[in-house]
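Analysis of the macromolecular model
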Amino acid sequence: MSKKTTLALLISAILCGCSLEVETDEENNNEPDNQVQDSDNDGFNDNDDRFPHDPNEWADADLDGVGDNTDNCLEIPNPNQFDENQNSVGDACDIFAFDQSAIPFTSDEDNLEGIVAWNVGAPAIEDENTGHRIPDPYYLENINEYAYYYLASRDYAQINPNSPGVIAATDGAMTGFPHFANAMQTYGYSESDIRLRFGLMTLGDDVEGVDWQLNGDTETRYYTGGTFSIELDEIAILSGDMPQLTLDIKYNVAQNPLDDEISGITEPVDAQSINVVADDNVMQIMAEAFLADVAQSDVGLRLVFDSIQPAGQSEYEDVNNARGGAYFEPQNGRLEIVQD
Ligand SMILES: [Ca+2]
Ligand SMILES: [Ca+2]
Ligand SMILES: [Ca+2]
Ligand SMILES: [Ca+2]
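Below or above, wherever it landed, is the structure these notes cover. (Residues numbered from 1 in each chain as written. Chains lettered and ligands numbered in written order. Predicted model: local features only at pLDDT ≥ 70, side-chain atom pairs only at ≥ 80, totals over all residues.)

1. Observations regarding the overall build of the chain
The secondary structure content of the chain amounts to 3 helices and 16 strands. Buried positions account for 36% of the 340 residues belonging to the chain. (Helix = DSSP H or I, 4+ residues; strand = E, 2+ residues; numbered from the N terminus. Buried ≥ 20, exposed ≤ 12 C-beta atoms within 10 Å, placed from the backbone.)

2. Observations concerning the environment of P178
Relative to the helices and strands, P178 resides in helix α2 (residues 178-187). Distance from P178 to S101, taken between C-alpha atoms, is 8.2 Å for residues 77 residues apart in sequence. In this view, P178 contacts I76, A92, C93, D94, I95 and D293; residues no more than four positions away in its chain are not counted. (Contact = placed C-beta atoms within 7 Å.)

3. Quick look at the pairing of strand β7 (residues 212-215)
Relative to strand β8 (residues 218-223), β7 runs antiparallel, the two being bridged by 4 bridges. Counted as the bridge partner of W212 is R221 from β8. Hairpin connection of β7 to β8: 2 residues between the antiparallel strands, including G216 at a positive phi of 60°. (Pairing = 2+ DSSP bridges.)

4. Things to note about helix α3 (residues 281-294)
An α-helix turns once per 3.6 residues; consequently, residues spaced three or four apart project the same way. Compared with an ideal rise of 1.5 Å per residue, which puts 14 residues at 20 Å, α3 spans 20 Å between its outermost C-alpha atoms and is within 8% of the ideal. Those residues of α3 lying buried are M283, M286, A287, A289, F290, L291, D293 and V294. Considering only its buried residues, α3 is in contact with α2, β9 (227-232), β10 (235-241), β13 (275-276), β14 (300-310) and β16 (323-338). (Expected span 1.5 Å × (residues − 1).)

5. Focus: unusual backbone geometry
Backbone geometry at E234 places phi at a positive 70°, although glycine is not the residue there. With respect to the helices, strands and loops of the structure, E234 is situated in the loop between β9 and β10. One non-glycine residue, N332, adopts positive backbone phi at about 50°. Tracing the backbone shows N332 in strand β16.

6. Observations regarding α2
Most of α2 sits out of view: 7 of its 10 residues are buried. Within α2 the residues assigned to the buried category are P178, H179, F180, A181, N182, A183 and M184. Looking at the buried positions of α2, the neighbouring elements they touch are α3. Immediately beyond the C-terminal end of α2, within one or two residues, lies G188, with a positive phi of roughly 80°.

7. Considerations on the packing of α2 against α3
Two elements in contact, α2 and α3, have axes whose closest approach is 6 Å; the angle formed by their N-to-C orientations is 155°. Taken together, α2 and α3 sit at an angle that is classed as roughly antiparallel. Residue-level inspection shows P178, H179, F180, N182, A183 and Y187 of α2 in contact with α3, the latter providing V282, I285, M286, A289, F290, A292 and D293. When its residues are assigned to classes, the contact of α2 with α3 shows 10 nonpolar, 2 polar and 1 charged. (Axes fitted to C-alpha atoms, helices over the stretch in contact; angles between N-to-C directions. Parallel < 35°, antiparallel > 145°, perpendicular 65-115°, else oblique. Nonpolar A, V, L, I, M, F, W, Y, C, P; charged D, E, K, R; others polar.)

Right under this line is the structure:
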């Protein structure tokens with residue numbers, strides 16, 4: 001063997017970290033003995049060891065070539081192991097690796113998506129209740145002059161049982177949510193399969209300074225109560241208590257309710273407070289993947305409505321219970337993981 005060849009062998013041995021072993025066949029049965037050996041003495045026979053020459057590794061759950069003991073994303077293939085922010089969680093599964101983990105959505109009123117708000121002036125399933133009078137000087141005319149006491153997603157049972165809920169996500173717009181995104185890709189779902197619903201929320205005792213307040217031309221209302229559920233392909237996979245929704249309504253000089261600027265944001269809900277309700281294996285995997293992303297944040301998940309448009313054409317009157325109210329379309333909203 002020339003010096004050059006020996007050196008090359010030595011270098012390649014160092015580079016690949018493998019030992020230069022000689023196959024033995026002591027039983028003379030043409031089966032190399034090392035098939036039942038444990039070459040690296042890590043307690044796993046070579047047959048069961050995905051890394052037979054690395055005593056520190058034996059399994060690779062996501063088959064990305066990086067052993068489970070060092071892989072910084074155990075369930076998501078990421079052979080390059082990139083970790084931009086160096087927090088030992090790989091970019092491929094780190095909700096903090098990029099700007100935001102968010103599922104953007106718009107609600108299309110024509111598609112029966114959105115929010116409903118109403119007061120009750122007659123016997124109905126809710127206690128009779130009417131919101132506070134909209135503070136002067138807004139709405140001097142006799143339109144819409146009482147704040148809506150009740151709020152729910154468009155599907156609220158007594159309003160419209162056939163509607164699909166408050167939001168529908170848009171395909172291709174989701175950012176982050178690495179575990180959930182990976183699971184959706186694996187099982188063939190897309191963002192437009194995601195829906196969010198929430199049930200009856202109210203202004204509580206409707207007390208000024210507690211349940212609502214006015215600062216300048218902006219009225220802030222705090223809607224509480226109710227529950228929410230997140231659906232995939234029309235199957236509920238997660239649910240929890242709906243966190244408080246803070247709604248800001250900036251009144252306009254023209255005193256036209258259609259020109260009010262409305263936005264909303266909920267308190268964050270942490271992963272421990274969200275329950276998996278899926279009873280099907282795949283849907284449970286999807287739910288757990290979603291929660292794995294939320295669980296990376298100490299703060300949790302929240303709902304943001306950058307803009308809510310009154311859907312002026314659909315002011316409704318329910319003849320069955322004398323309930324009157326309005327439909328609203330949340331726009332430019334998102335379900336996001338809070339990153340602080
Ligand atoms: Ca090994
Ligand atoms: Ca791996
Ligand atoms: Ca991995
Ligand atoms: Ca990271």
